[in-house]
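In case you want the letters, here they are:
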Amino acid sequence: MTRVRPEIEAMKGYTPGEQPGAGKFVKLNTNENPYPPPPGVSAAVAEAVGGLARYPDALATPFRLAAASVLNVEPEQILCGNGSDDILTILTRGFVGVGQSLRLPYPSYVLYKTLAQLQGAKSEEVAFADDWQPGPKFGQPHPDVRLAFLPNPNSPTGTVVSAAVVRELAATIGCPLVVDEAYADFAESNCLSLVSECENVFVSRTLSKSYALAGLRFGFLVAPVEIVRQLQKVKDSYNCDSLSIAAATAAILDQAWLRENVRKITASRGRLTCELRELGFSVVDSQANFVWCEHAAAPAASLYEQLKEQGVLVRYMKYSRWREGLRISVGTDEQLDVCLQLLATMV
Ligand SMILES: *Cc1c(COP(=O)(O)O)cnc(C)c1O
């Protein structure tokens, strides 16, 4: 019989959040931005259509120049990807060999483990402490551990590890420490300045969440110039297409739009947190565009099912070595009204 590699047969594969047909649900399950993207995106895409007969710029140069000026880094420090998931794949392929190990915190983004499995590598999960800090064990060197991912803010909790703590972990860990900042635009702090300060801290970002472009697929890494140069050999030659380069460039140049969007989302997040607590949920203080909540008297799986029946989709998550709960994305205030009013009838 025709067989794929045994590593592939043995793995379950990553299951993305449900994406039902447009308009069927109030969709609060995959941390998408509820608002339309920056207004300049449409015109940029329309203009790029004229150039579609040609291959795209292999390094997404217009985006690198724009992002470098916005973030105050060098364009050569930026590696662009087809979503930040592509960046995480490139990093795993570039640093972790067969039989070596990828370190991750637990509970966190489930995709990391899948990437290690695809690579024929091991993953080593280090549990967060009760205060959602990674703890000293995360920074202990081990000869097999060749790369570590730290989502910051973390998913599914929305909690943040300070730059000072990341700096300490990086000083001892003995391998690259990739801070996955998919949600950092919603947070009060980030680790971007550590990229120039510590040679083994890299930062990954995405336009999927804070720029409302999840459907576009564009993410990027900020890392030392020599690392970016090496990783360019790992990526697909044309991993970002011309339309996404044009759209992402227009989006990141509109920082006024970003600030206003983040203001709206963080205000709604505060309200969602308060009202869930009033309904008796325990809610972790989040610095992302979602909150993690649990209710002592109402099982999360049942709340998820009931909400779904009523047209509201949230993410039910069960971590076998931790807990189960609901991760609710911060939608518009109107969407949150619908969700909260339904929950009030269920708990
Ligand atoms: C959403 C998410 C990403 C991936 O985003 P892309 O859409 O692939 O850019 C990466 N890391 C974390 C923790 C995320 O939640």
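Remember, predicted model here, so these are calculated numbers, not experimental data.

*Asks:* Outline the pairing of strand S5 (residues 145-151), supporting the account with residue identities and numerical values.
*Replies:* Burial analysis of S5 places six of its seven residues in the buried class, the great majority of the element. Summarising the sheet, strand S3 (residues 101-106) and S5 pair through three bridges and their orientation is parallel. The residue of S5 that forms the bridge with Ser 101 is Val 145.

*Asks:* Lay out the site of the ligand with the relevant residues and their values.
*Replies:* As a structural note, the neighbourhood of the ligand is formed by Gly 83, Ser 84, Asp 85, Tyr 109, Asp 180, Ala 182, Tyr 183, Thr 206, Ser 208, Lys 209 and Arg 217. One of the backbone N or O atoms of Asp 85 is found 2.9 Å from an oxygen atom in the ligand. Contact distances for the ligand include 2.6 Å between a nitrogen atom and a side-chain N or O atom of Asp 180. Bound to the protein, the ligand loses 93% of the 390 Å² it would expose on its own. Its residues assigned to classes, the shell around the ligand comprises three nonpolar, four polar and four charged.

*Asks:* Please provide a residue-by-residue account of the packing of helix H11 (residues 300-309) against helix H12 (residues 333-346), values included.
*Replies:* Contact pair H11 / H12: the axes reach a minimum separation of 10 Å and the direction vectors enclose 125°. Compared by their axis directions, H11 and H12 come out oblique. Between H11 and H12 the crossing geometry is right-handed. On H12, the residues that touch Leu 303, Gln 306 and Leu 307 of H11 are Cys 339, Leu 342, Leu 343 and Met 346.

*Asks:* Outline H11, listing residues and values.
*Replies:* Those residues of H11 lying buried are Ala 300, Leu 303, Tyr 304 and Leu 307. Taken down its axis, H11 places every buried residue within 100° of arc, on the same side. Against the buried residues of H11 lie strand S9 (281-283), strand S11 (312-318), strand S12 (324-329) and H12. The positive-phi residue at the C-terminal boundary of H11 is Gly 311, with phi of around 90°.

*Asks:* If you had to explain the packing of aromatic side chains to someone new, which residues and values would you point to?
*Replies:* A complete count under the given rule lists 15 aromatic pairs for this structure. Connected via pairs of aromatic rings, a cluster forms that spans Tyr 106, Phe 128, Trp 132, Trp 292, Tyr 319 and Trp 322. Residue placement shows Lys 264 over the ring face of Tyr 35; its charged tip is 4.1 Å from the ring centre. Sitting over the face of the ring of Phe 290, Arg 327 holds its NZ or CZ atom 5.5 Å from the ring centroid.

Rules and cut-offs
- Residues numbered from 1 in each chain as written.
- Predicted model: local features only at pLDDT ≥ 70, side-chain atom pairs only at ≥ 80, totals over all residues.
- Heavy atoms only, no water.
- Buried < 20%, exposed > 50% of the residue type's maximum accessible area, 1.4 Å probe, protein only.
- Helix = DSSP H or I, 4+ residues; strand = E, 2+ residues; numbered from the N terminus.
- Pairing = 2+ DSSP bridges.
- Near = heavy atom within 4 Å.
- Polar contact = N/O pair within 3.5 Å; in protein donor to acceptor, adjacent residues only side chain to side chain.
- Areas by Shrake-Rupley, 256 points an atom, 1.4 Å probe, with all protein chains shown as cover.
- Nonpolar A, V, L, I, M, F, W, Y, C, P; charged D, E, K, R; others polar.
- Axes fitted to C-alpha atoms, helices over the stretch in contact; angles between N-to-C directions.
- Parallel < 35°, antiparallel > 145°, perpendicular 65-115°, else oblique.
- Left-handed = near helix turned anticlockwise from the far one by under 90°.
- Contact = heavy atoms within 4.5 Å.
- Arc of directions from axis to C-beta.
- Phe/Tyr/Trp six-rings, centres within 6.5 Å; stacked < 30°, edge-to-face > 60°.
- Lys NZ or Arg CZ within 6 Å of the ring centre and 35° of its normal.

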